[in-house]
Amino acid sequence: MSTDVGIWVGALMTIAVFSYLFSENEFYKAVEHIYVGAAAGYSIVLGFSNVVTKGWQPLVEGRQFQVLIPVAMGLMLFAPYAGTQYNWMRRIPISFIVGIGAGITIRSVVIEQFVKQLSATILPFNSVNNVIIVLGTLAVLSYFFFTFKPSRALKTSAEVGKWIIMITFGASFGNAVMGRISLLIGRIDFMFREWIHLIKL
Amino acid sequence: MKREVPIIVTTVAGIFMILEYFHNIPGLANGAKELQNWAILVAAFALALAAINLAARHLRNITARHQNAVHSGLLLASMFATVIAGIFFGTDARAFVFIFDNIITPCGSAFYAMACFHLASAAYRAFRAQSGQAAALLITGIIVMLGRAPIGDLIHPYLPKMATWLMQVPNLAGMRAIMISSAIGMIGVSLRIITGIDRTHLGMGQE
């Protein structure tokens with residue numbers, strides 16, 4: 001068996017998590033709360049590091065006083081603590097983040113998810129696979145037309161699209177299950193190899 | 001003013017990010033980078049607010065001697081231990097690395113791994129080949145699962161090839177169409193937010 005404290009902690013935590021499969025118990029609940037606390041703490045540390053590198057250092061070392069604007073916006077999030085009459089102030093930082101997010105979404109989605117996917121779909125009809133990809137994509141797209149009453153041809157195309165969507169969901173489901181199983185194998189491998197040294201290969 | 005200023009901030013921030021990307025206007029690139037840094041900074045303050053709320057919630061549990069008081073204590077202890085280790089000793093410190101390697105990583109993997117049992121249980125209850133399309137979903141799922149496991153090759157050597165074909169051809173067509181459709185949806189939602197039509201994020205509803 002391993003003599004490493006870290007491996008013991010990791011193994012006991014793993015057993016506690018899997019004990020939920022038997023029934024919810026105190027051991028599981030304790031580990032669940034420890035995990036949430038540690039993960040929250042980790043996020044706080046990352047956030048603090050961002051404040052230091054993008055706020056404190058530019059302000060103190062670089063004399064970039066424009067950094068005070070996002071700091072002021074950040075502090076506005078705490079305004080409701082000063083009284084309900086200041087509730088409206090938190091809308092400003094929220095609207096700033098949402099505006100930046102919406103702008104970045106349009107930037108990335110238009111090129112990566114729309115133009116590139118469309119151009120990758122325009123394939124020559126020189127193989128059965130290419131025909132399935134092109135017609136399959138068009139059929140699924142036709143299924144998503146909800147703005148007008150579909151014609152008979154569109155209905156037929158949408159029906160084919162439904163079949164393709166079902167195959168896609170089945171494949172995604174299979175992939176998701178296999179991804180989780182590989183994680184499970186990883187945990188079992190850790191327990192038997194690194195903790196109790198039963199697997200020696 | 002309380003209503004208009006947030007909408008103006010959203011519109012200006014959004015349009016600035018779009019203009020910078022699609023037009024080569026001098027000075028805009030640096031401005032956009034600066035705005036992104038500002039957003040990260042504001043998000044860090046939002047994270048601090050969330051941490052305060054989480055701590056306050058669990059402190060209330062402890063002071064009120066709630067039935068989950070012990071669990072709340074464990075959560076706060078692990079949160080403060082991680083914060084102290086990371087902020088005062090640095091992210092390279094042994095204590096912080098220990099927490100990440102031996103608590104966050106194994107627990108995260110175990111929680112995700114456990115989902116495969118829930119997926120199997122849900123699939124057993126939900127998957128019924130009651131129609132041709134439901135059967136297509138079921139059969140594709142089984143082929144992909146078996147084809148991606150070593151046992152698939154033992155059952156039939158054609159099974160892994162079939163799984164690969166399903167992933168690379170019909171699945172590709174479906175995923176591509178879903179990506180294009182969701183892209184159109186995302187562009188629409190973003191434009192509604194930037195133009196101030198959608199104000200739900202500000203708690204103002206739509207107009």
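Quick caveat: nothing in here was measured; it's all calculated off a predicted structure.

What counts, and at which threshold
- For every chain, the first residue of its written sequence is number 1, and the numbers climb from 1 along that sequence.
- Chains carry letters and ligands carry numbers; both start at the beginning, A for chains and 1 for ligands, and go up in the order they are written.
- Whole-chain, interface and lining totals are the exception, using all residues; otherwise, since this is a predicted model, local features are given only for residues with pLDDT of at least 70 and side-chain atom pairs are given and counted only at 80 or more.
- Values reported for side chains reflect all heavy atoms of the structure, with hydrogen atoms and water molecules removed beforehand.
- Only runs of H or I of at least four residues qualify as helices and only runs of E of at least two qualify as strands under DSSP, and these elements are numbered from the N terminus.
- It is over C-alpha atoms that the radius of gyration is taken, and the globule rule equals 2.2 Å times the number of residues to the power 0.38.
- Note on classification: 1.4 Å probe, protein chains only; a residue is buried when its accessible area is under 20% of the maximum for its type, exposed when over 50%, partly exposed between these limits.
- What marks off one domain from the next here is an automatic or database domain assignment.
- For our purposes a nonpolar core is just a set of buried Ala, Val, Leu, Ile, Met, Phe, Trp, Tyr and Cys residues, chained together by side-chain atoms within 4.5 Å.
- Any two residues whose heavy atoms approach within 4.5 Å at even a single point are treated as in contact.
- Note on definitions: buried area is the accessible-area loss of two parts on being combined, 1.4 Å probe, summed for both.
- Each salt bridge in this description consists of a side-chain nitrogen of Lys or Arg and a carboxyl oxygen of Asp or Glu lying within 4 Å of one another.
- Aromatic pairing here means that ring centres of Phe, Tyr or Trp (its six-membered ring) are within 6.5 Å. Orientation follows from the plane angle: under 30 degrees is stacked, over 60 is edge-to-face, and everything else is tilted.
- Residues form patches when they are more than 30% accessible in relative terms and have no salt bridge. Like charges link within 9 Å. Nonpolar side chains (Val, Leu, Ile, Met, Phe, Trp, Tyr) link within 5 Å.
- Only the protein chains shown count as cover for residues, with accessible areas throughout obtained via the Shrake-Rupley method and a probe of 1.4 Å.

Time to look at the overall build of chain A. Counting secondary structure elements, chain A contains 6 helices and 0 strands. Counting from the amino terminus, chain A carries its helices and strands in the arrangement α-α-α-α-α-α. Compactness check: chain A gives a C-alpha radius of gyration of 27 Å against a globular reference of 17 Å for 201 residues, more than 25% above the reference. Counting every position in chain A, which comprises 201 residues, the buried fraction comes to 38%.

With domains assigned, chain B is organised as domain 1 (1-88), domain 2 (90-125) and domain 3 (127-196). The distance between the C-alpha centroids of domain 2 of chain B and domain 3 of chain B comes to 26 Å.

Within the largest apolar cluster, 19 residues are counted, with the highest numbers of intra-cluster contacts made by A:Met73, A:Leu77, A:Phe96, A:Ile100 and B:Leu35. Contributing elements (two or more residues each) for this core: α3 (68-76) and α4 (91-121) of chain A together with α1 (4-22) and α2 (28-63) of chain B. Looking at this core element by element, the count peaks at 8 residues for α2(B). Contact partners of A:Phe96, with chain neighbours within four places excluded, come to A:Met73, B:Val9, B:Ala13, B:Leu35, B:Trp38, B:Ala39 and B:Val42. A:Ala16, A:Phe18, B:Ile103 and B:Ile104 belong to the second-largest nonpolar core, a separate cluster that totals 17 residues.

Attention shifts here to the interface of chain A and chain B. Each partner contributes to the interface: chain A provides 103 residues, whereas chain B provides 107 residues. Carbon and sulfur atoms make up 82% of the area that chain A and chain B hide from each other, which totals about 9600 Å². Here chain A is connected to chain B by 1 salt bridge. The closest approach of N and O atoms between B:Glu20 and A:Arg107, which form a salt bridge, is 2.8 Å.

With that settled, the discussion passes to the packing of aromatic side chains. Residue and element names in this part refer to chain A. Tallying each qualifying case throughout the model produces 12 aromatic pairs over all chains. On the basis of an interplanar angle of 85 degrees and a centroid distance of 5.3 Å, the ring pair of Trp 8 and Trp 195 is categorised as edge-to-face. Of this pair, Trp 8 sits in helix α1 (residues 5-18) while Trp 195 sits in helix α6 (residues 152-195), and the two are 187 residues apart along the sequence. Assessed through its relative accessible area of 32%, Trp 8 is described here as partly exposed.

All names here are of chain A. Taken together, the side chains of Met 1, Trp 8, Leu 12, Ile 15 and Phe 27 make up a nonpolar region of the molecular surface, amounting to roughly 460 Å² of accessible area. Per element, the largest residue contribution to the nonpolar patch is 3 residues, and it comes from α1. Mapped onto the fold, Met 1 is located in the segment before α1. For Met 1, a relative accessible area of 55% gives the class exposed.

Turning our attention to the side chain of A:Asn130. As for its placement among the helices and strands, A:Asn130 is situated in helix α5 (residues 128-143). Ignoring sequence-local partners within four residues, the contact set of A:Asn130 consists of A:Leu123 and A:Pro124.

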